[in-house]
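# Examining the three-dimensional arrangement
For reference, the chains in residue letters:
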Amino acid sequence: MKKTISILSLVLLMSSCTLLQPRIPYQLGMSESKFLRQNKDAVISQISEGKKVYRVNNGDRFYLLVTFENDELTNLEELELTPQWPGQRYMDENNPNYNNSNNPNYQPQQSNPNR
């Protein structure tokens, strides 16, 4: 009886170890349906004949483009989001190039001796 319980507990322990392994969210060659089950936030970015590209957010600054051809993952590409704020204005005095000779609107101030 002890032998049977020890064997059953060993089998249970071994099977629980395989269940606790980390889930791989994307892997080359995986099916599209498995990918969509594991990545609920995936959004279609592009569709063409036999090819689909999904976009998955990967943190605050990065996202993945996941390409499927014929229902098989063929390409992963990680890209960085571009900043949403506009670039610094050219004529802004806080711009380090404001008083620069490369600035076509820059006019050096003339010192007037009569003042």
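Data block above holds the structure.
A short tour of the structure in this document, coming up. Worth saying up front: this structure is predicted, and the values here are computed from it rather than measured. (Residues numbered from 1 in each chain as written. Predicted model: local features only at pLDDT ≥ 70, side-chain atom pairs only at ≥ 80, totals over all residues. Heavy atoms only, no water.)

### Re the pattern of salt bridges
The condition that has to hold: We count a salt bridge whenever a side-chain nitrogen from Lys or Arg sits within 4 Å of a carboxyl oxygen from Asp or Glu. Secondary structure elements follow DSSP: runs of H or I no shorter than four residues count as helices, runs of E no shorter than two count as strands, and numbering proceeds from the N terminus. Here's how the labels work: a residue is buried when its accessible area is under 20% of the maximum for its type, exposed when over 50%, partly exposed in between, all with a 1.4 Å probe on protein chains only.
On inspection of all chains with the given rule, the structure shows two salt bridges. Glu32 is the partner of Lys52 in a salt bridge, and the nearest nitrogen-oxygen pair spans 3.4 Å. Taken together, the residues span a long stretch of sequence, with Lys52 in strand E2 (residues 51-57) and Glu32 in helix H2 (residues 32-38) at a distance of 20 residues. On the accessibility criterion, Glu32 (11% relative accessible area) is buried. For the salt bridge of Glu80 with Arg61, the shortest nitrogen-to-oxygen distance reads 2.0 Å. Taken together, the residues Glu80 in strand E4 (residues 72-80) and Arg61 in the loop between E2 and strand E3 (62-69) connect sequence positions 19 residues apart. The exposure class assigned to Glu80 is partly exposed, which follows from its relative accessible area of 40%.

### Topic: the pairing of strand E1 (residues 43-48)
Rules: Whether two strands pair depends on DSSP finding at least two bridges between them.
In terms of strand pairing, E1 meets E2 through five bridges, oriented antiparallel. Pairing of Gln46 across the sheet is with Val53, part of E2. In textbook terms, the turn of a hairpin is the stretch between consecutive antiparallel strands, and for E1 and E2 this stretch comprises two residues, one of which, Gly50, has a positive phi near 70°.

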